[in-house]
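# Structural characterization, general
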Amino acid sequence: GESVGLHLPTLSVQEGDNSIINCAYSNSASDYFIWYKQESGKGPQFIIDIRSNMDKRQGQRVTVLLNKTVKHLSLQIAATQPGDSAVYFCAGTYNQGGKLIFGQGTELSVKP
Amino acid sequence: NAGVTQTPKFRILKIGQSMTLQCTQDMNHNYMYWYRQDPGMGLKLIYYSVGAGITDKGEVPNGYNVSRSTTEDFPLRLELAAPSQTSVYFCASSYADTQYFGPGTRLTVL
């Protein structure tokens with residue numbers, strides 16, 4: 001079946017460094033991907049999204065890269081801050097309003 | 001806009017009891033979803049709805065029921081609660097692809 005998976009369950013970085021969180025997906029028909037941030041005790045919060053007709057999309061301090069050839073996407077966080085500490089989920093879907101398939105999440109810890 | 005609201009925040013149930021988790025959104029979104037999140041795991045879809053009067057099963061629907069009588073509300077019903085239903089439940093809504101989540105309900109079944 002379809003799956004979306006993250007490569008590492010935990011990631012620890014130094015404050016000020018850049019963070020890269022990776023994700024792989026299995027369904028080549030997936031055409032929309034989202035990254036969510038989930039802080040402890042809260043619901044997932046939308047960070048950034050990308051459609052399959054794009055390779056890269058930038059937001060404020062965040063960049064998502066999509067490589068359709070190897071079915072891989074990544075979230076890059078520039079100048080990581082303590083407030084970025086959270087669990088990050090990637091999710092994908094292939095039809096509008098349809099079911100998002102979530103990965104298991106990567107817990108990002110930022111060391112001061 | 002309050003966004004997506006969920007009640008209650010916490011609940012402890014005894015095995016065999018039933019309850020309804022409430023979810024309301026004020027963004028006039030057609031699509032609504034219920035997920036459960038077990039410790040250290042991603043979200044699994046329980047049920048979803050593409051509009052008032054229309055619901056469909058997700059990945060893990062057993063032991064749950066939903067209804068969608070209005071655009072705003074999408075309650076999740078647990079009948080005969082079991083320890084396996086101990087989890088955090090999230091409701092979400094969307095206009096198109098981007099889903100917006102509520103704060104969650106933490107449910108423990110003892």
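Everything below is about the structure printed above this text.
As a starting point, this report considers the structure included with it. (Residues numbered from 1 in each chain as written. Chains lettered and ligands numbered in written order. Predicted model: local features only at pLDDT ≥ 70, side-chain atom pairs only at ≥ 80, totals over all residues. Heavy atoms only, no water.)

With that settled, consider the overall build of chain A. Within chain A one finds zero helices and eleven strands. When the elements of chain A are put in sequence order from the N terminus, they spell out β-β-β-β-β-β-β-β-β-β-β. On C-alpha atoms alone, chain A measures out to a radius of gyration of 13 Å, which is about the 13 Å that the 2.2 N^0.38 rule sets for 112 residues. For chain A, the spread of C-alpha atoms along the principal axes amounts to about 40 × 30 × 20 Å. The 112 residues of chain A split such that 42% are buried. For chain A, the centre of its 10 positive side-chain charges and the centre of its 9 negative side-chain charges are spaced 4 Å apart. (Helix = DSSP H or I, 4+ residues; strand = E, 2+ residues; numbered from the N terminus. Rg over C-alpha atoms; globule rule 2.2 N^0.38 Å. Buried < 20%, exposed > 50% of the residue type's maximum accessible area, 1.4 Å probe, protein only. Lys, Arg positive; Asp, Glu negative; His and termini not counted. Charge placed at Lys NZ, Arg CZ, Asp CG, Glu CD.)

Attention now moves to the nonpolar core. Buried together is how nonpolar side chains tend to be arranged in soluble globular proteins. Residues and elements named next belong to chain A. Judged by nonpolar contacts, the single largest core of 20 residues is most densely connected at W35, L73, L75 and Y88. At the level of secondary structure, the elements contributing two or more residues to this core comprise strand 3 (19-25), strand 4 (32-38), strand 5 (45-51), strand 7 (62-67), strand 8 (72-77), strand 9 (86-93) and strand 11 (106-111). Aside from chain neighbours lying at most four places away, what touches L75 is S19, I20, I21, W35, I47, I48, V62, T63 and Y88. (Core = buried A, V, L, I, M, F, W, Y, C linked by side-chain atoms within 4.5 Å. Contact = heavy atoms within 4.5 Å.)

Inspection of every chain in the model, using the stated rule, returns two disulfides over all chains. A sulfur-sulfur separation of 1.7 Å characterises the disulfide bridge that pairs C23(A) with C90(A). Because the sign of the S-S torsion sets the handedness, a value of about 55° for the bond joining C23(A) and C90(A) places this disulfide among the right-handed ones. Highlighted residues: C23(A) in strand 3 and C90(A) in strand 9, separated in sequence by 67 residues. Given a relative accessible area of 0%, C23(A) falls into the buried group. Covalently, C23(B) is tied to C91(B) through a disulfide, its sulfur atoms 1.8 Å apart. Around the S-S axis, the bridge from C23(B) to C91(B) shows a dihedral of about -70° and counts as left-handed. Remark: C91(B) occurs in strand 9 (residues 87-94) and C23(B) occurs in strand 3 (residues 19-25); sequence separation between them is 68 residues. You'll find C23(B) and C91(B) in the same group, each marked buried. (Disulfide = S-S within 2.5 Å.)

Attention shifts here to the interface of chain B and chain A. Listed per partner, the contact involves 18 residues of chain B and 22 residues of chain A. Around 1,600 Å² of area is buried between chain B and chain A when both sides are counted, 55% of it from carbon and sulfur atoms. Three residues stand out in chain B for area buried against chain A, namely L43(B), D97(B) and F101(B), and they jointly supply 33% of the buried area on that side. At the junction of chain B and chain A, the tally comes to zero salt bridges. Counting the contacts that link chain B with chain A gives three residue pairs in polar contact (both at pLDDT 80 or more). (Buried area = accessible area lost by both parts, 1.4 Å probe. Salt bridge = Lys/Arg side-chain N within 4 Å of Asp/Glu carboxyl O. Polar contact = N/O pair within 3.5 Å; in protein donor to acceptor, adjacent residues only side chain to side chain.)

Here we come to unusual backbone geometry. A cis amide bond links T7(B) to the next residue, P8(B), at an omega of -5°. Mapped onto the elements, P8(B) comes out in the loop between strand 1 (4-7) and strand 2 (10-13). Although it is not a glycine, A79(A) sits at a positive phi angle of roughly 45°. Using a relative accessible area of 37% as the deciding quantity, one classes A79(A) as partly exposed. A positive phi is found at N28(B), a non-glycine position, where the angle reads about 60°. Of the residues examined, N28(B) reaches a relative accessible area of 56% and is grouped as exposed.

Attention now moves to the packing of aromatic side chains. Tallied over the full model, the rule gives nine aromatic pairs over all chains. Each member of the aromatic cluster is reached from another via a ring pair, and the members are Y36(A), F89(A), F102(A), Y33(B), Y35(B) and F101(B). The ring of F74(B) is capped by R68(B), whose NZ or CZ atom sits 5.9 Å from the centre of that ring. (Phe/Tyr/Trp six-rings, centres within 6.5 Å; stacked < 30°, edge-to-face > 60°. Lys NZ or Arg CZ within 6 Å of the ring centre and 35° of its normal.)

All names here are of chain B. Examined against the element boundaries, N30 turns out to sit in the loop between strand 3 and strand 4 (31-37). By relative accessible area, N30 is classed as partly exposed at 40%. As for N30 and T71, which are separated by 41 residues in sequence, their C-alpha atoms are 6.4 Å apart. Apart from residues no more than four positions distant in its own chain, N30 is found in contact with S49, V50, G51, R68 and S94.

From the geometry alone we can't say anything about function, so treat these as descriptive.
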